[in-house]
Amino acid sequence: MKHLIDIMDLSIEELDEMIDVAKDIIADPEKYAHKCAGKKLATLFFEPSTRTRLSFEAAMYELGGNVLGFSEAQSSSAAKGESVSDTIRTVGCYADIIAMRHPKEGAPIAGTRRSTVPVINAGDGGHNHPTQTLTDLLTISREKGRLDHLTIGLCGDLKFGRTVHSLINAMSRYTGNRFVLISPEELKIPEYLRYETLIKKEQDFVETGDLEGAMPELDILYMTRVQRERFFNEQDYLRLKDSYILTPDKLEYAKEDLSILHPLPRVNEISVAVDDDPRARYFEQVRNGKYIRMALILKLLKEAGTIN
Ligand code: NCD
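Keep in mind the model is a prediction, meaning the values are calculated, not measured.

## So, the packing of aromatic side chains
Then step 1. All told, the structure shown has four aromatic pairs when counted by the stated rule.
Then step 2. Ring centres of Phe46 and Phe70 lie 5.2 Å apart, and the angle between their planes is 80 degrees; this geometry places the pair in the edge-to-face category. Within this pair, whereas Phe46 is found in the loop between strand 1 (40–45) and helix 2 (51–62), its partner Phe70 is found in strand 2 (residues 66–70), the two being separated by 24 residues in sequence. You'll find Phe46 and Phe70 in the same group, each marked buried.
Then step 3. Taking the centre distance of 5.8 Å and the plane angle of 75 degrees together, the rings of Phe231 and Tyr237 count as edge-to-face. Summarising the burial analysis for this pair, Phe231 and Tyr237 share the class buried.
Then step 4. By the ring-pair criterion, three or more aromatic residues cluster together here, those being Phe160, Phe231 and Tyr237.
Then step 5. Lying across the ring of Tyr32, Lys35 places its NZ or CZ 5.7 Å from the centre.

## A closer look at the sheet that holds strand 2
Then step 1. Read across the open sheet, the four strands follow the order 2-1-3-4; overall the sheet is parallel. Sheet topology places strand 2 and strand 4 (119–124) at the edges, where each strand pairs with a single neighbour. Here the average twist between neighbouring strands, direction ignored, is 15 degrees.
Then step 2. Along the sheet, helix 3 (residues 84–91) makes contact with strand 1, strand 2, strand 3 (97–102) and strand 4, crossing strand 3 at roughly 155 degrees.

Reading the values: the criteria
Residues numbered from 1 in each chain as written. Predicted model: local features only at pLDDT ≥ 70, side-chain atom pairs only at ≥ 80, totals over all residues. Heavy atoms only, no water. Phe/Tyr/Trp six-rings, centres within 6.5 Å; stacked < 30°, edge-to-face > 60°. Helix = DSSP H or I, 4+ residues; strand = E, 2+ residues; numbered from the N terminus. Buried < 20%, exposed > 50% of the residue type's maximum accessible area, 1.4 Å probe, protein only. Lys NZ or Arg CZ within 6 Å of the ring centre and 35° of its normal. Pairing = 2+ DSSP bridges. Axes fitted to C-alpha atoms, helices over the stretch in contact; angles between N-to-C directions. Contact = heavy atoms within 4.5 Å.

Note that every value here comes from positions in space, so none of it alone points to a role or purpose.
Have a look at this one:
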């Protein structure tokens, strides 16, 4: 049974194929409108979400399928002490595919062990968020026409930001990319990522605290929110939350064809005044999230033999 827990579960060929399918869906949505007729997606969200859950639901509806699920742990049997594994096994009796989000790192893997249907990790704690990365890859591919030879600035909470971790892993597989990691000292990327992905695989990367200094060389600027819910104390969060605020004046020395991305939700790390800049692409990125999730649902259901 093929699941999607980590972006590295997919080969480059599979990533490219899904991006192509998503582009085809954008070009001809009618062709896909009944592909999942009679099939059900369950969304099990033990942690809050707007985009991820709703884009999964919208994706399944646009494929002609149906959706069931819950959006907070308190309304599920987790509140009675049920294990993730039992919840998944149970839901697999009702649904053909499951998307789950959980505050604990590794929970989706535990959930897949006895699962009879494909499970998609829709975010596990501060660890991974592979479907946001699929969204980011489709966006970069549509914006830039390629996924290689790009200078990507990642700015903000690189320590707890799971979208950052998955995106670095994915982009490091394409040749010639350069990573500019912009964060306060306390929010630098985790050691395992620096060592396993960047150093061991001989990636071109720098770590800096200076957003404006880095700006002129960037093709992509990926802003992130400081992840309040993952801090151990509120004082640290308050001290670090406004480390970077992207305003129009900071874009003065940016490339004309820079793409500004953000997984959203934004707090105040991008001023709303930036939204009118043609380089602000984060709401287009939201739209792409639905199409790539449609491609993912199709792929996993095909591999499970549920659709043909
Ligand atoms: C991200 C997440 O949940 O990690 N949101 C999302 O899925 N688009 C980013 C965030 O919460 O900051």
